[in-house]
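Okay, here's what each chain looks like letter by letter:
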Amino acid sequence: MELLLWRHAEALDGIDDLQRPLSPKGLQQASKMAAWLGRHGPGGLRLLVSPAARTLETAKAFRQKMEVSKFLAPGCQVQELVTLCHWPLGPAPVLLVGHQPSLGLLASLLLTGQPMPWAIKKGALWWLSSRTRAGEQQCVIRTVLAPELL
């Protein structure tokens, strides 16, 4: 299975957390990462997005049909994310567009077996794969990209 974790791009500060739009820098970050995903990402991606405005704008740059999921909202539980994406044996590659600390906790859980407070930068993408080797289920890091490196 292929699982891509994309943290929303930089957003403006605001009173209502769910309504904060992307900043001009965030729009650039989202555009750069979306272009990279279009060239290098796996085909047939299932795009799941938090209902927050900043994640919706980030995902919109990718120009693909998206599913909004309350399970990706700020403060979501890591185990809900594992269930949502059907890790490690989901039938299709999944792209989650969400928030910290949930995405960092998910990455650490899948890679180490323990949820730890790993930081994923704004606008960054982590691409993980599951595989079985010698009868053992493994999680492999395919790539980690920050938008300023594109």
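Refer to the structure printed above.
Attention in this report is confined to the structure presented alongside it.

Calculation criteria
- Numbers given for residues are sequential positions, taken from 1 along each chain in its written order.
- Local features are withheld for residues below a pLDDT of 70 in this predicted model, meaning they are given only at 70 or higher, and side-chain atom pairs are given and counted only at 80 or more; totals for whole chains, interfaces and linings count all residues.
- Remark: hydrogens and water are excluded; side-chain values derive from all non-hydrogen atoms of the structure.
- We define the nonpolar core as a collection of buried residues of types Ala, Val, Leu, Ile, Met, Phe, Trp, Tyr and Cys that are connected through side-chain atoms lying within 4.5 Å of one another.
- Buried, partly exposed and exposed residues are distinguished by accessible area as a fraction of the type maximum, computed with a 1.4 Å probe on protein chains only: under 20%, between the cut-offs, and over 50%, respectively.
- Helical segments are the DSSP runs of H or I of at least four residues, strand segments are the runs of E of at least two, and each set is numbered from the N terminus.
- Any two strands are treated as partners once DSSP identifies two or more bridges connecting them.
- As a rule, the C-alpha atoms of each element are fitted with a line to give its axis, helices using only the stretch in contact, and angles between N-to-C directions run from 0 to 180 degrees.
- When describing relative orientation, an angle under 35 degrees is termed roughly parallel and one over 145 degrees roughly antiparallel, while 65 to 115 degrees is termed roughly perpendicular and anything else oblique.
- Residues count as neighbours in contact if any of their non-hydrogen atoms are within 4.5 Å of one another.
- Under the convention adopted here, Pro, Cys and the residues Ala, Val, Leu, Ile, Met, Phe, Trp and Tyr are nonpolar, Asp, Glu, Lys and Arg are charged, and Gly plus all remaining residues are polar.

Considerations on the nonpolar core
Counting residues in hydrophobic clusters, the biggest one holds 24 residues, and the most contacted among them are Leu3, Leu5, Trp87, Val94, Leu96, Leu106 and Leu110. Among the secondary structure elements, those contributing two or more residues to this core are β1 (2–7), α3 (78–85), β4 (94–98), α4 (102–112) and β5 (125–133). Membership of the second largest hydrophobic core comes to 16 residues, among which are Trp6, Met33, Leu47 and Trp127.

Some thoughts on the sheet that holds strand β2 (residues 46–49)
Across the sheet, six strands lie side by side as β3-β2-β4-β1-β5-β6; this open sheet has mixed pairing. The open sheet is flanked by β3 (66–68) and β6 (136–145), the only strands paired with a single partner. Geometrically, the sheet is characterised by an average inter-axis angle of 20 degrees between neighbouring strands, direction not taken into account. Direction of pairing for β5 relative to β6: antiparallel, over a ladder of nine bridges. Residue leucine 125 lies in a different strand from β6, and its bridge partner there is leucine 145.

Focus: the packing of α3 against α4
Closest axis-to-axis distance for the α3/α4 pair is 9 Å, and the angle between their directions is 70 degrees. Judged by the angle between their axes, α3 and α4 are roughly perpendicular. Contacts from Val78, Gln79, Leu81 and Val82 in α3 reach Ser102, Leu105, Leu106, Leu109 and Leu110 in α4. In terms of residue class, the contact of α3 with α4 is built from seven nonpolar, two polar and no charged.

Everything listed here is a matter of geometry and, on its own, says nothing about what the molecule does.
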